[in-house]
Amino acid sequence: MSNPPENMTRRRLLMAAPLAGAAIVGVGFWKMLSGMQHGSFNPHDINAPVLNRPVPDFSVPDQAPGQGFSAQDLRALTQPVLVNFFASWCIPCLEEMPTLMGLKDDLTMWGIAYKDRPENAAGFLKHSGNPFTRLGSDRDGRVGIDWGISGVPETFLIGPGGIIRWHSAAPLDVDTIRGTLVPLLESLKKS
Amino acid sequence: MMLRRLSALFLGCALLLAPVLVLAVDDPSEMLPNPQEEARAETIGSQLRCLVCQNESIEDSSAGLARDLRRVVREHVAKGESNRQIMDWMVNRYGNFIRLSPPLSIGTLLLWSMPVLALLLGLTTAFFAYRRRNAAPAAPPPLTAEEKARLADLTKD
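Residues numbered from 1 in each chain as written. Chains lettered and ligands numbered in written order. Predicted model: local features only at pLDDT ≥ 70, side-chain atom pairs only at ≥ 80, totals over all residues.

Taking an unreviewed UniProt entry as the reference, chain A is identified by name as Cytochrome C biogenesis protein belonging to Acetobacter malorum. Chain A has a UniProt comment under Subcellular location (unreviewed entry) that states "Cell envelope". (UniProt positions renumbered as here; feature names shortened; annotations may be inferred.)

This is the structure:
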């Protein structure tokens with residue numbers, strides 16, 4: 001008790017430590033929750049191991065009204081291509097279609113009809129418009145598993161050489177395209 | 001009376017456990033003809049997360065993707081691949097998230113050892129605090145001549 005002022009500050013510091021800890025945890029949770037609201041953080045998101053890897057070996061047969069494609073076609077690319085898994089039975093895919101239609105003049109898009117009857121997929125594209133220059137059918141969903149998709153719609157940006165540069169397990173919207181996809185395309189063009 | 005109560009308890013427990021024991025392989029045609037291979041496929045499948053209903057294994061889930069993954073597992077088992085090979089095949093496509101028991105990594109090691117680390121930190125802090133409190137208080141500094149004179153003055157009576 002020789003120097004009470006120093007002792008007091010020590011005690012105060014010790015008292016403040018749990019409060020500071022709680023504050024840090026609180027800020028962390030707040031960031032997580034606000035990220036969930038903005039869509040920048042999704043706890044259900046599956047960390048896509050395919051990112052920055054070459055596309056898996058696959059080939060999808062023709063799906064009317066387009067021509068099927070394979071891993072070789074994607075690996076031979078010199079321009080970025082957006083690969084979109086969709087299905088006529090999937091409501092978010094239907095909601096996503098206007099966004100894809102708006103993007104089709106700026107970016108080449110290839111579609112894969114996932115676990116869908118060919119006539120249903122063709123009818124779906126007739127109804128919603130067809131943004132895809134090539135179109136394949138993955139009737140049993142095996143190609144989807146090789147790409148690591150867990151549902152539809154899922155979208156992959158394939159860079160030159162067939163490298164997967166970006167992946168979205170949620171329907172594309174204008175915000176995602178402006179905030180993420182466009183800057184990424186710019187950087188791909190530069191490199 | 002006692003026996004009846006015991007059997008009621010047993011039945012209750014059995015009923016509670018029943019949904020756990022029933023796997024979602026709802027179509028017998030999905031099962032492999034060889035019971036040993038089927039058992040192995042079920043063991044592997046129960047370690048794989050269904051990515052649609054994320055807290056269920058693919059053996060428990062009746063989601064379409066889970067059914068597809070069950071079929072893939074059975075095909076690989078029938079081909080004679082090892083459990084490790086099949087697990088790697090899945091992790092290669094879906095990442096470690098598909099494993100219901102995560103592998104040992106720096107992150108998981110830190111997570112699992114955190115209770116022990118926190119306990120050690122607490123015990124160390126408590127030990128030092130206790131030692132400090134019980135240490136003999138430092139001897140007061142010797143009195144100055146002035147203080148000695150005052151003390152003598154005060155204790156004169």
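Now, onward.
Caption draft 1: The overall build of chain A, seen in detail. Tallying secondary structure elements over chain A gives 6 helices and 7 strands in all. Expected size for 191 residues packed as a compact globule is a radius of gyration near 16 Å; at 24 Å, chain A overshoots this value by more than 25%. Reported as C-alpha extents along the three principal axes, the dimensions of chain A are approximately 90 × 35 × 30 Å. Among the 191 residues that make up chain A, the fraction classed as buried is 34%. Of all intrachain contacts in chain A linking residues separated by at least 6 positions in sequence, the fraction that spans at least 24 positions is 75%. (Helix = DSSP H or I, 4+ residues; strand = E, 2+ residues; numbered from the N terminus. Rg over C-alpha atoms; globule rule 2.2 N^0.38 Å. Buried ≥ 20, exposed ≤ 12 C-beta atoms within 10 Å, placed from the backbone. Contact = placed C-beta atoms within 7 Å.)

Caption draft 2: Just the overall build of chain B, in detail. A count of helical and extended segments in chain B gives 6 helices and 0 strands. Helices (α) and strands (β) of chain B occur, in sequence order from the N terminus, as α-α-α-α-α-α. With 157 residues in all, chain B has 17% of them scored as buried.

Caption draft 3: Summary view of helix 3 (residues 64-78) of chain B. Over its 15 residues, helix 3 of chain B runs 21 Å from end to end, which matches the ideal 21 Å to within 8%, given 1.5 Å per residue. Among the residues making up helix 3 of chain B, those that are buried are Leu 65, Ala 66, Leu 69, Arg 70, Val 72, Val 73, Arg 74 and Val 77 of chain B. Looking at the packing, one finds that the buried side of helix 3 of chain B touches helix 5 (142-147) of chain A together with helix 2 (35-45) and helix 4 (83-94) of chain B. Looking one or two places after helix 3 of chain B, you find Gly 80 of chain B, whose phi comes out positive at around 90°. (Expected span 1.5 Å × (residues − 1).)

Caption draft 4: Quick peek at the domain arrangement of chain B. By the assigned domains, chain B splits into domain 1 (22-98) and domain 2 (103-132). The C-alpha centroid of domain 2 of chain B is placed 38 Å from the C-alpha centroid of domain 1 of chain B. (Domains from an automatic or database assignment.)

Caption draft 5: Structural view of the UniProt feature "transmembrane region" (unreviewed entry) in chain A. In this numbering, the UniProt entry assigns the feature "transmembrane region" (unreviewed entry) to residues 12-33 of chain A. Between the C-alpha atoms that bound residues 12-33 of chain A the distance is 32 Å, and the span itself is 100% helix and 0% strand.

Caption draft 6: Molecular detail of the packing of helix 2 of chain B against helix 3 of chain B. Residue and element names in this part refer to chain B. Where helix 2 meets helix 3, the closest approach of the two axes is 9 Å, and the angle between their N-to-C directions is 135°. Considered as vectors, helix 2 and helix 3 are oriented oblique to each other. Where helix 2 crosses over helix 3, the handedness of that crossing is right-handed. Counting all contacts with helix 2, which are made through Glu 37, Arg 40, Ala 41, Ile 44 and Gly 45, the residues of helix 3 involved are Arg 70, Val 73, Arg 74, Val 77 and Ala 78. In terms of residue class, the contact of helix 2 with helix 3 is made up of 5 nonpolar, 1 polar and 4 charged. (Axes fitted to C-alpha atoms, helices over the stretch in contact; angles between N-to-C directions. Parallel < 35°, antiparallel > 145°, perpendicular 65-115°, else oblique. Left-handed = near helix turned anticlockwise from the far one by under 90°. Nonpolar A, V, L, I, M, F, W, Y, C, P; charged D, E, K, R; others polar.)

Caption draft 7: Looking closely at the interface of chain B and chain A. Chain B puts 14 residues into the contact, and the matching count from chain A is 13 residues. Sorting the residues of the side of chain B that touches chain A by element identifies helix 3 and helix 4 of chain B as the ones contributing at least two each. Of the residues forming the side of chain B that touches chain A, the biggest block, 5 residues, is contributed by helix 3 of chain B. For the side of chain B that touches chain A, a count of residues per class yields 8 nonpolar, 4 polar and 2 charged.

Caption draft 8: Layout of the sheet that holds strand 6 (residues 154-159) of chain A. Residues and elements named next belong to chain A. The strand order across the open sheet formed by 5 strands is 5-4-3-6-7, and the pairing between neighbours is mixed. Lying at the two open borders of the sheet, with one neighbouring strand each, are strand 5 (134-138) and strand 7 (163-168). Across the sheet, the mean angle separating the axes of adjacent strands is 20° when strand polarity is ignored. Sheet topology note: the strand 4 (residues 108-114)/strand 5 ladder contains 5 bridges and is parallel. Pairing of Gly 111 across the sheet is with Leu 135, part of strand 5. Packing of helix 6 (residues 174-190) onto the sheet brings it into contact with strand 6 and strand 7, and relative to strand 7 it is tilted by some 170°. (Pairing = 2+ DSSP bridges.)

Caption draft 9: Geometry of the confidence of the model for chain B. Residues at a pLDDT of 70 or more form 83% of chain B, whose mean pLDDT is 85. Of the two predicted TM-score estimates for the complex, the pTM is 0.73 and the ipTM is 0.78. (pLDDT = per-residue confidence, 0-100.)

Caption draft 10: Spatial organisation of unusual backbone geometry. Residue and element names in this part refer to chain A. Residue Pro 65 follows Ala 64 across a cis peptide bond; omega there is 5°. Checked against the element boundaries, Pro 65 lands in the loop between strand 1 (59-60) and strand 2 (69-70). In the segment running from Val 152 into Pro 153, the intervening peptide bond is cis, with an omega of -5°. In this fold, Pro 153 is placed in the loop between helix 5 and strand 6.

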